[in-house]
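Structure assessment
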Amino acid sequence: MSLLQRFKDNIKQQHLFSTKDKLLLAVSGGLDSVVLCELCSQAGYEFTIAHCNFQLRGEESIRDEEFVKKLGNNYKVEVKVQRFNTEQYAAEHKMSIQEAARALRYEWFEQLVVSPESGVGNLVLNTIVTAHHKDDNIETLLMNFFRGTGLHGLTGIPVSYGHIKRPLLNFSKEEIIQFALENKLEFVEDSSNLSSKYTRNFFRNEIIPAISKVYRQVKE
């Protein structure tokens, strides 16, 4: 069965959204969110793109923003862009950069779906869709475990939480990469993903590969 068919079946089985809903896709311009756009387009969902520019990577952040605007033109959909002073917000709220970016991102998304001005035509945005996938969930679960958590933390990322839906959560990074190759999709690379100074990257780049040397089935 194709990834597209499994994607559509998963949305239906999980009751995530329907073709009547107006989706707000969170798009960074990276592989995962570009694949999310293509899947939603092929599946016949109507959507608007939302892009967060956290202004943390200089020219690369501007490049990502321009790429996403071009992506919107390709799909003939509206692109909403918000620039954040993430470092200032993190300092003021005594947060890490990662925590600040997450807080800013979801606060803005919620504003978009509840704002009367967020509608396009006669449709109002009512569903936030993110490109979190199975590997993201694995990282989150392990981070929670080592931080110290209860049972709730060990359930990982919820597939549905309020306005937020995550239809790729059942799919692995490898499957997403293969879909991008088959559909010849272009995307941008975030150079910060190579750095393990951020907690999630440390787990992705070092901890999980180290565990897999002993337990090859660690992800499963």
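To continue, consider the environment of Phe47. By the element assignment, Phe47 lies in strand β2 (residues 46-53). A sequence separation of 53 residues divides Phe47 from Ala100, and the C-alpha atoms of the two residues are 26 Å apart. The residues contacting Phe47, other than those within four sequence positions of it, are Lys22, Leu23, Leu25, Cys37, Cys40, Ser41, Tyr75 and Val77.

Counted according to the given criterion, the structure contains 16 salt bridges. Among the ionic pairs, Lys219 bridges to Asp135, the shortest N-O distance being 2.8 Å. Here Lys219, found in the segment after α8 (199-212), pairs with Asp135, found in helix α6 (residues 134-147); they are 84 residues apart in sequence, far enough to count as distant. According to the relative accessible area criterion, Lys219 is partly exposed, its value standing at 35%. The exposure class of Asp135 is buried, given its relative accessible area of 9%.

Here we take up the layout of surface pockets. Empty space among the atoms can be located by rolling a probe the size of a water molecule over them. Volume-wise, the second largest pocket comes out at about 150 Å³. As for the second largest pocket, its lining consists of Val34, Glu38, Phe67, Lys70, Leu71, Asn74, Tyr75, Lys184, Leu185 and Glu186. Those elements that place two or more of their residues in the lining of the second largest pocket are α2 (31-43) and α3 (59-75). For the lining of the second largest pocket, the element with the most residues is α3, which contributes five residues. Class assignment of the residues belonging to the lining of the second largest pocket gives a composition of five nonpolar, one polar and four charged.

This paragraph deals with the environment of Lys76. Its place among the elements puts Lys76 in the loop between α3 and β3 (79-83). Classification of Lys76 as exposed rests on a relative accessible area of 76%. Through-space distance from the C-alpha of Lys76 to that of Phe47 is 9.9 Å; in sequence the pair is 29 residues apart.

Look at α6 against α8: their axes get within 10 Å of each other, and the N-to-C directions meet at 100°. If you check the angle between α6 and α8, you find them roughly perpendicular. Of α8, the residues touching α6 (which contributes Asp136, Ile138, Glu139, Thr140, Leu142, Met143 and Phe146) are Thr199, Arg200, Phe203, Arg204 and Ile208. Residues that form the contact of α6 with α8 fall into these classes: six nonpolar, two polar and four charged.

A few words now on the packing of α2 against helix α7 (residues 173-182). Contact geometry for α2 and α7: axes closest at 10 Å, N-to-C directions at 65°. The two elements α2 and α7 cross, and the hand of that crossing is left-handed. Across the interface between the two elements, Leu31, Asp32, Val35, Glu38, Leu39 and Gln42 from α2 touch Lys173, Ile176, Ile177, Phe179 and Ala180 from α7. Across the contact of α2 with α7, the residue classes tally to seven nonpolar, one polar and three charged.

Positive phi, normally seen in glycine, also occurs at Gln55, with a value near 55°. Along the chain, Gln55 falls in the loop between β2 and α3. Judged by its relative accessible area of 45%, Gln55 falls in the partly exposed class. With phi around 60°, Lys76 is a residue other than glycine that occupies positive phi space.

Calculation criteria
Residues numbered from 1 in each chain as written. Predicted model: local features only at pLDDT ≥ 70, side-chain atom pairs only at ≥ 80, totals over all residues. Heavy atoms only, no water. Helix = DSSP H or I, 4+ residues; strand = E, 2+ residues; numbered from the N terminus. Contact = heavy atoms within 4.5 Å. Salt bridge = Lys/Arg side-chain N within 4 Å of Asp/Glu carboxyl O. Buried < 20%, exposed > 50% of the residue type's maximum accessible area, 1.4 Å probe, protein only. 1 Å grid on protein atoms, 1.4 Å probe; cavity = no way out; pocket = protein on both sides within 12 Å on 5 of 7 lines; lining within 4 Å. Points joined across faces, edges and corners; volume = space filled by probe spheres on them. Nonpolar A, V, L, I, M, F, W, Y, C, P; charged D, E, K, R; others polar. Axes fitted to C-alpha atoms, helices over the stretch in contact; angles between N-to-C directions. Parallel < 35°, antiparallel > 145°, perpendicular 65-115°, else oblique. Left-handed = near helix turned anticlockwise from the far one by under 90°.

These figures come from the coordinates and say nothing about function on their own.
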